[in-house]
Amino acid sequence: QVQLVESGGGSVQAGGSLRLSCAASGYTYSGYCMGWFRQAPGKEREGVATIASDGTTRYADSVKGRFTVSKDNAKKVLYLQMNSLKAEDTAMYYCAAGGDVGRGLVCYGDVPRYKYWGQGTQVTVSS
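The following refers to the structure shown. All values reported here derive from a predicted model rather than from experimental measurement.

Comments concerning the overall build of the protein chain
Reasoning step 1: Along the protein chain, the regular secondary structure elements total 0 helices and 11 strands.
Reasoning step 2: Written out in order from the N terminus, the α and β elements of the protein chain read β-β-β-β-β-β-β-β-β-β-β.
Reasoning step 3: Its C-alpha radius of gyration of 13 Å places the protein chain within 12% of the 14 Å reference for a compact globule of 127 residues.
Reasoning step 4: Considered along the principal axes of its C-alpha atoms, the protein chain spans approximately 40 × 30 × 25 Å.
Reasoning step 5: Counting all 127 residues of the protein chain, 42% fall into the buried class.

Some remarks on the side chain of Arg66
Reasoning step 1: Relative to the elements of secondary structure, Arg66 occurs in the loop between strand E6 (57-59) and strand E7 (67-72).
Reasoning step 2: Side-chain polar atoms of Arg66 contact the side chain of Asp89, separated by 2.7 Å.
Reasoning step 3: If near-sequence neighbours (up to four positions away) are discounted, Arg66 is found in contact with Gln81, Met82, Asn83, Ser84, Leu85, Lys86 and Asp89.

Structural notes on the pattern of salt bridges
Reasoning step 1: Following the criterion strictly, the structure yields 5 salt bridges and no others.
Reasoning step 2: Among the salt bridges present, the one from Asp89 reaches Arg38, with a minimum N-O distance of 2.9 Å. Of the two residues, Asp89 is situated in the loop between strand E8 (77-82) and strand E9 (91-99) and Arg38 in strand E4 (residues 33-39); the sequence distance between them amounts to 51 residues.
Reasoning step 3: Taking the shortest distance from any N to any O, the salt bridge between Asp61 and Lys64 comes out at 3.1 Å.

Some thoughts on unusual backbone geometry
Reasoning step 1: Unusually for a residue other than glycine, Lys76 sits at a positive phi of about 55 degrees.
Reasoning step 2: Its location among the elements puts Lys76 in the loop between E7 and E8.

Quick notes on the pairing of strand E3 (residues 18-25)
For a regular strand, side-chain orientation follows a simple rule: the groups alternate between the two sheet faces.
Reasoning step 1: Pairing of strand E1 (residues 3-7) with E3 involves 5 bridges; the strand directions are antiparallel. Pairing of Gln3 across the sheet is with Ser25, part of E3.

Regarding the environment of Val5
Reasoning step 1: Checked against the element boundaries, Val5 lands in strand E1.
Reasoning step 2: Counting along the chain gives 91 residues from Val5 to Ala96, while the straight-line C-alpha distance between them is 9.9 Å.
Reasoning step 3: Setting aside chain neighbours within four positions, we find Val5 in contact with Ser21, Cys22, Ala23 and Gln119.

Thresholds applied
- Residues numbered from 1 in each chain as written.
- Predicted model: local features only at pLDDT ≥ 70, side-chain atom pairs only at ≥ 80, totals over all residues.
- Heavy atoms only, no water.
- Helix = DSSP H or I, 4+ residues; strand = E, 2+ residues; numbered from the N terminus.
- Rg over C-alpha atoms; globule rule 2.2 N^0.38 Å.
- Buried < 20%, exposed > 50% of the residue type's maximum accessible area, 1.4 Å probe, protein only.
- Polar contact = N/O pair within 3.5 Å; in protein donor to acceptor, adjacent residues only side chain to side chain.
- Contact = heavy atoms within 4.5 Å.
- Salt bridge = Lys/Arg side-chain N within 4 Å of Asp/Glu carboxyl O.
- Pairing = 2+ DSSP bridges.

In short, geometric facts, not functional conclusions.
The following block contains the structure:
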């Protein structure tokens, strides 16, 4: 039914940029949070950025000022623009959807809130 497919990952030098995309199918954006998560080897999956149905965004402190999440509801595509990349940004990046709104009508980046996940796309940043 619901399928999320990430693309745009790759290898880049520190200071460079990448733009990730997540194409959704069999899914309606209405009423759900969407977000980007990442998982480095030996680490827990962590929230990177979220976006609510009204466009409100939230970011992890580690990426604020460098990453921007956006979406195109008509195309059913979620984006993550990543600038000023650092070696510590190296991880598998996952698109997530079907997230329940949290306290204060905010989309939080905690894994249990999200129902649907993509297969991931690898981002490798060399210093």
